[in-house]
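This is what each chain is made of:
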Amino acid sequence: MLHLNQIHKIFNEGTPDEKIALDNINLKLKEGDFVTVIGSNGAGKSTLMNMISGVLTPDIGKVIIDDKDVTTISEYKRAKLIGRVFQDPMAGTAPSMTIEENLAMAYSRNKSRTLKRGVTKKRKEYFREVLETLHLGLENRLNAKVGLLSGGERQALSLLMATFTEPSILLLDEHTAALDPSRAELITNLTKEIVEKYHLTTLMVTHNMQQALDLGNRLIMMDKGQIILEVDEAEKQELTIDALLNEFQRIRGTQMASDRALLS
């Protein structure tokens, strides 16, 4: 479903600020794989997500989604294949629009544009049904401006918007990091339910190592633009945070930087 083939990306090449952001990345996700990605700041995690979504183009290598070479396809065209939820609850929605208007935009993402109304009576009923699955009462607030929702409510809505068209790839970019613990737990549980329900092929970046161990069937560890460790489902079930930290030290000869709730 996703194949990154020898992806290489350099920022500020030929200057004193030159940095190798991604260094010969090779990664394959089968349909239904849920891969969690860990690594300290600067490891290349967000660059990896931007490469898949089309924000960035590789200097070398190919990005293949669902057997389509999308390496040179723009971000907005690639959006038909990809759902993405960002760390900032404000990023995935339009705050000045209502809940139903936001859902109508997301619903049309992988469909041909027409001059018909975006929110029909039939579509409203469908939106109510899918909102009920969040158990937040948003199905009774279709005409509420999204900017008035709490961070947790907006992130739940963003997750729903990113997934209810069942994209080929779901990208979760530290999507619980900005939430308080109770809301983060809510979004984590919703993520697990939605990914399992739709059998979504998912790549999730997280600083929370326990979350990385609890979710998904595979795990990768990044450092300095490289994938330095890949863990399959059987190995992952036996892993602990201490074992992961020890593995990093064995591979790199130094301790992993414990920044931003890395161990929580």
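Residues numbered from 1 in each chain as written. Predicted model: local features only at pLDDT ≥ 70, side-chain atom pairs only at ≥ 80, totals over all residues. Heavy atoms only, no water.

Draft legend 1. Representation of the overall build of the protein within the structure. Across its full length, the protein holds nine helices and 10 strands. For a compact globule of 264 residues, the expected C-alpha radius of gyration is about 18 Å, and the protein comes in at 19 Å, within 12% of that figure. With respect to the principal axes defined by its C-alpha atoms, the protein has extents near 60 × 40 × 35 Å. When each of the 264 residues of the protein is scored for burial, the buried share is 48%. (Helix = DSSP H or I, 4+ residues; strand = E, 2+ residues; numbered from the N terminus. Rg over C-alpha atoms; globule rule 2.2 N^0.38 Å. Buried < 20%, exposed > 50% of the residue type's maximum accessible area, 1.4 Å probe, protein only.)

Draft legend 2. Molecular detail of the packing of helix α3 (residues 99-107) against helix α5 (residues 151-163). Where α3 contacts α5, the axes come no closer than 8 Å and their chain directions differ by 30 degrees. Taken together, α3 and α5 sit at an angle that is classed as roughly parallel. Of the two possible hands of crossing, α3 and α5 adopt the one that is right-handed. Along its contact with α3, which presents I99, N102, L103 and A106, the element α5 presents L157, L160 and M161. (Axes fitted to C-alpha atoms, helices over the stretch in contact; angles between N-to-C directions. Parallel < 35°, antiparallel > 145°, perpendicular 65-115°, else oblique. Left-handed = near helix turned anticlockwise from the far one by under 90°. Contact = heavy atoms within 4.5 Å.)

Draft legend 3. A look at the pairing of strand β1 (residues 2-11). Relative to strand β2 (residues 19-29), β1 is paired through seven bridges, and the arrangement is antiparallel. What sits directly across from F11, in β2, is K19. With five bridges connecting them, β1 and strand β4 (residues 60-65) associate as antiparallel partners. Residue pairing across strands places L4 opposite V63, the latter belonging to β4. (Pairing = 2+ DSSP bridges.)

Draft legend 4. Here's a closer look at the confidence of the model for the protein. For the protein, per-residue confidence averages 87 on the pLDDT scale, and 93% of positions sit at 70 or higher. Note that pLDDT drops below 50 for residues 259-264; the model gives that stretch 22 contacts with residues more than four away or on any other chain. (pLDDT = per-residue confidence, 0-100.)

Draft legend 5. Geometry of the nonpolar core. Counting residues in each nonpolar core, the largest one holds 34 residues, and the members touching the most others are I99, L103, L131, L134 and L157. Going through the elements one at a time, α3, α4 (121-132), α5, β7 (169-173) and α6 (181-198) are the ones with two or more residues in this core. The element that contributes the greatest number of residues to this core is α5, accounting for six residues. Dropping the residues within four chain positions of it, L134 is found in contact with A156, L157, L160 and L190. In terms of nonpolar packing, the next biggest core, distinct from the first, is built from 26 residues, I7, M49, V205 and M222 among them. (Core = buried A, V, L, I, M, F, W, Y, C linked by side-chain atoms within 4.5 Å.)

Draft legend 6. Region of the structure containing the sheet that holds β4. Taken in spatial order, the four strands make up an open sheet running β2-β1-β4-β5, and their pairing is antiparallel. Among the strands making up the open sheet, the edge pair consists of β2 and β5 (68-69). Helix-sheet contacts for helix α1 (residues 45-53) involve β1, β2 and β4, and the interaxial angle to β1 is about 120 degrees.

Draft legend 7. Region of interest: the pairing of β4. Across two bridges, the pairing between β4 and β5 is antiparallel. Looking at the pairing, I65 lines up with K68 of β5.

Draft legend 8. Here's a closer look at the packing of aromatic side chains. Within the structure shown, the criterion is met by three aromatic pairs. Between the aromatic rings of Y126 and F127, the centroid separation amounts to 6.2 Å while the plane-to-plane angle is 50 degrees, which identifies the pairing as tilted. Overall, Y126 belongs to the partly exposed group, its relative accessible area being 28%. Following the ring pairs from residue to residue traces out a cluster consisting of Y107, Y126 and F127. (Phe/Tyr/Trp six-rings, centres within 6.5 Å; stacked < 30°, edge-to-face > 60°.)

Draft legend 9. Main features of the side chain of T176. By the element assignment, T176 lies in the loop between β7 and α6. The buried category is assigned to T176, whose relative accessible area is 10%. Discounting chain neighbours no more than four positions away, the residues touching T176 are A184, I187, T188 and Q211.

Draft legend 10. Summary view of the sheet that holds strand β6 (residues 82-85). Strand order in the open sheet made by the six strands is β6-β7-β8-β3-β9-β10, with mixed pairing throughout. Of all strands in the sheet, those bounded by a partner on one side alone are β6 and β10 (226-231). Pairwise comparison of adjacent strand axes, ignoring direction, gives a mean angle of 20 degrees for this sheet. Relative to strand β9 (residues 218-223), strand β3 (residues 34-38) runs parallel, the two being bridged by four bridges.

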